[in-house]
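# Architecture at a glance
The lines below spell out each chain.
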Amino acid sequence: MAGAQDIRRRIRSVRNMEQITKAMKMVSAAKLRKAQLKLNAARPYASQLQGVLERLAQAPVDIVHPLLKERTVQKVVYVLITSDRGLCGGYNANLIRKTAGLIAETPQEVKLVTVGRKGRDFFRRGKIEFLAEFVALGDEPSYNQAKQIAQEVIRLYEQGEADEVYLLYTEFVTAMTQRPTQVKLLPIKQPEGKQGKQYIFEPSPEAILTTLLPKYVETQIFRTILEGKASEQGARMTAMSSATDNAKDMIGRLSLAMNRARQAAITTEISEIVSGAAALE
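This report concerns the structure included in the present document. None of the values given here were measured: they were computed from a predicted structure.

### Considering the environment of Leu 226
For Leu 226, the location among the structural elements is in helix H5 (residues 205-280). According to the relative accessible area criterion, Leu 226 is buried, its value standing at 3%. Residues Leu 226 and Tyr 169, 57 residues apart in the sequence, show an inter-C-alpha distance of 9.8 Å. Setting aside anything within four residues of it in sequence, one finds Leu 226 in contact with Lys 38, Leu 39, Ala 42 and Pro 141.

### As for the nonpolar core
Counting 46 residues, the largest nonpolar core has Val 165, Leu 186, Val 217 and Ile 221 as its most contacted members. Breaking this core down by element, the ones donating at least two residues are helix H1 (4-57), strand E1 (75-81), strand E2 (109-115), strand E3 (129-134), helix H4 (143-158), strand E4 (164-172), strand E5 (178-186) and H5. Ranked by residues supplied to this core, first place goes to H5 with 11 residues. Not counting the four nearest positions on each side in its chain, Leu 186 is found in contact with Leu 67, Val 153, Tyr 157, Asp 163, Glu 164, Val 165 and Val 217.

### What about H4?
With 16 residues, H4 extends 22 Å from end C-alpha to end C-alpha; this agrees with the ideal 22 Å at 1.5 Å per step. Along H4, the residues that are buried comprise Ala 146, Ile 149, Ala 150, Glu 152, Val 153, Ile 154, Leu 156 and Tyr 157. At the C-terminal side of H4, Gly 160 shows a positive phi close to 85°.

### Points about the side chain of Asp 84
Relative to the helices and strands, Asp 84 is located in the loop between E1 and helix H2 (91-105). Despite its burial, Asp 84 remains without a salt bridge, the nearest opposite charge being carried by Arg 117 at 4.1 Å. A polar side-chain atom of Asp 84 sits 3.0 Å from the main-chain amide nitrogen of Ala 136. Engagement of the side chain of Asp 84 in a polar contact is seen with the backbone nitrogen of Leu 137, the distance being 3.4 Å. Leaving out residues up to four positions away in the same chain, Asp 84 has contacts with Gly 116, Arg 117, Lys 118, Val 135, Ala 136, Leu 137 and Gly 138.

### Let's talk about the sheet that holds E4
Taken together, five strands build an open sheet; the order of strands is E3-E2-E1-E4-E5 and the sheet is mixed. Single-partner strands in this sheet number two, and they are E3 and E5. Geometrically, the sheet is characterised by an average inter-axis angle of 20° between neighbouring strands, direction not taken into account. Here E1 pairs with E2 via seven bridges, running parallel. Each residue of the ladder has a partner; that of Tyr 78, found in E2, is Leu 112. Taken strand by strand, H4 contacts E1, E2, E3, E4 and E5, and its axis lies near 155° from that of E3.

### Observations concerning unusual backbone geometry
A cis amide bond links Leu 186 with the next residue in sequence, Pro 187, at an omega value of -5°. Among the structural elements, Pro 187 can be located in the loop between E5 and H5. For Leu 87, which is not glycine, the phi torsion reads 55° and is therefore positive. A positive phi angle, close to 60°, is found at Ala 136, a residue other than glycine.

### Points about the environment of Ala 136
Positionally, Ala 136 belongs in the loop between E3 and H4. Considered as a pair, Ala 136 and Lys 189 are 53 residues apart in the sequence and their alpha carbons are 31 Å apart. Dropping the residues within four chain positions of it, Ala 136 is found in contact with Asp 84, Arg 117 and Gln 145.

### A short note on the packing of aromatic side chains
In the structure shown here, the tally under the stated rule is three aromatic pairs. Their ring planes at 45° and their centres at 5.8 Å tell us that Tyr 78 and Tyr 166 sit as a pair that is tilted. Of the two residues, Tyr 78 is situated in strand E1 and Tyr 166 in strand E4; the sequence distance between them amounts to 88 residues. When sorted by exposure, Tyr 78 lands in the same class as Tyr 166, which is buried. When the ring of Phe 122 is compared with that of Phe 123, the centres are 5.0 Å apart and the planes differ by 80°; the resulting orientation is edge-to-face. Given a relative accessible area of 35%, Phe 122 falls into the partly exposed group. Judged by relative accessible area, which is 6%, Phe 123 ranks as buried.

Thresholds, definitions, all that
- Residues numbered from 1 in each chain as written.
- Predicted model: local features only at pLDDT ≥ 70, side-chain atom pairs only at ≥ 80, totals over all residues.
- Heavy atoms only, no water.
- Helix = DSSP H or I, 4+ residues; strand = E, 2+ residues; numbered from the N terminus.
- Buried < 20%, exposed > 50% of the residue type's maximum accessible area, 1.4 Å probe, protein only.
- Contact = heavy atoms within 4.5 Å.
- Core = buried A, V, L, I, M, F, W, Y, C linked by side-chain atoms within 4.5 Å.
- Expected span 1.5 Å × (residues − 1).
- Lys, Arg positive; Asp, Glu negative; His and termini not counted.
- Salt bridge = Lys/Arg side-chain N within 4 Å of Asp/Glu carboxyl O.
- Polar contact = N/O pair within 3.5 Å; in protein donor to acceptor, adjacent residues only side chain to side chain.
- Pairing = 2+ DSSP bridges.
- Axes fitted to C-alpha atoms, helices over the stretch in contact; angles between N-to-C directions.
- Phe/Tyr/Trp six-rings, centres within 6.5 Å; stacked < 30°, edge-to-face > 60°.

By themselves, these observations are geometric and do not establish any function.
Below, the structure written as structure tokens:
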């Protein structure tokens, strides 16, 4: 059994760790609130953009655009959105596991565009070709950063580097629940227009679509990045909360062990004194 001094040293170490994890939990909770606000603002915008596409689909014209063009699928690109930092529970591991499974099941040639260091570092050890990588987006990613990623993805699709593009990200449900998700990004499936009011478009539907479709890709990527950031902070807050609780439990067990060690030491000393006194008689 370890001595009381060694156990006391371990208690100090665990208590210091508890203070760190508790502080990280509070920081993650504050960042989560900010991420949720941005996410809640982005979701309605993406929904309204989808509604505009549906109204455009009602236009009595054949709309042709490179991002709507479907072709034989020979090259599949996965845009993997992970975090730059760890200490967030199974957030990255679950998404990477899902991505690895999809890559193994995909019969076509697979290439990657990674957003975040964790996904990049994991798949860099394999034989998957990287077309682009984006890191250090920060805790509050901007729309301009998402726009740069979207422009690169659109360029890859238009130049034939990809026949299909999928987004792989973690959907934020609650602070305790995050869901790895796969969404097809390109080619954009033209929504079926619901029969309803007739709209007059000015300028023409083709001109609107030329501007709207790249904006749609940018918005989808921006929303998924925000989903990932909110999920990351929720997972980190949960992980740090569990670590803090575990540290408290460990301190309790170590305190009990220290008391037992002290009691054993005192009992030994008393036994030695009694034995010495008996020897002198």
